[in-house]
Amino acid sequence: PELMLLLFSMSLGSGGCPTALTLGVRRWTLFWAVQLCGAALSALSLLLCGAVGGFAVLLGRSAPDFWPLASLPTLAGYLAICFTMVVLGTGGGLLLLRSRYLTAGVMALLFLLAVALAVFQMLLAPGSGAVWRTPPWPVPVGLGLLLMLGEAVLYGLLSRLTVR
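The structure presented is a predicted model; accordingly, all values stated were derived computationally and were not measured.

As a further point, take the overall build of the chain. Across its full length, the chain holds five helices and zero strands. When the elements of the chain are put in sequence order from the N terminus, they spell out α-α-α-α-α. Across the 164 residues of the chain, 37% fall into the buried class. Put simply, of all contacts in the chain between residues at least 6 apart along the chain, 74% involve residues at least 24 apart. For the chain, the accessible area works out to roughly 9500 Å², and carbon and sulfur atoms hold 75% of it.

See the structure below:
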């Protein structure tokens, strides 16, 4: 789901933000609208993931190994990961409007990050293959720093966004 959120939010940054600016939305309002979209998409991703796990339980099978509704730390971590992917993807989409080559490198790094986060979630899964009960401290700290960096880049790109 994180990779899909990254791709969707990239189109939000490259198409939705300039369109909204053309329609007269202020940059500050646009920044908060992106935050609201990030929260809504994170919640929707959580609901879809929970529905898939619940559907598996309804069919008499066990829930998937990583089911965000299993406990509160996995729920909060999943929402944080999804929100970070939306912010970084929107920033990548806005960067696409400036430089295609720089965007290619940044998006390649973001795709690797999304895959690494998916692997990390599997390592934290409460099933039989769990390696850690709780994430090592550098992972949430790094995710928080990445979110702050993404927010700063997003705000900087939105404040300088112009429509031709």
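To continue, consider the nonpolar core. Judged by nonpolar contacts, the single largest core of 14 residues is most densely connected at Cys17, Leu30, Val34, Leu94, Leu154, Leu158 and Leu161. No other element matches the four residues that helix H3 (residues 72-96) contributes to this core. If we ignore the near neighbours within four places in the chain, the residues touching Cys17 are Leu12, Leu30, Val34, Thr90, Leu94, Leu158 and Leu161. Judged by nonpolar contacts, the second largest core, of ten residues, contains Leu6, Leu88, Leu117 and Leu143.

Conventions and cut-offs
Residues numbered from 1 in each chain as written. Predicted model: local features only at pLDDT ≥ 70, side-chain atom pairs only at ≥ 80, totals over all residues. Heavy atoms only, no water. Helix = DSSP H or I, 4+ residues; strand = E, 2+ residues; numbered from the N terminus. Buried < 20%, exposed > 50% of the residue type's maximum accessible area, 1.4 Å probe, protein only. Contact = heavy atoms within 4.5 Å. Areas by Shrake-Rupley, 256 points an atom, 1.4 Å probe, with all protein chains shown as cover. Core = buried A, V, L, I, M, F, W, Y, C linked by side-chain atoms within 4.5 Å.

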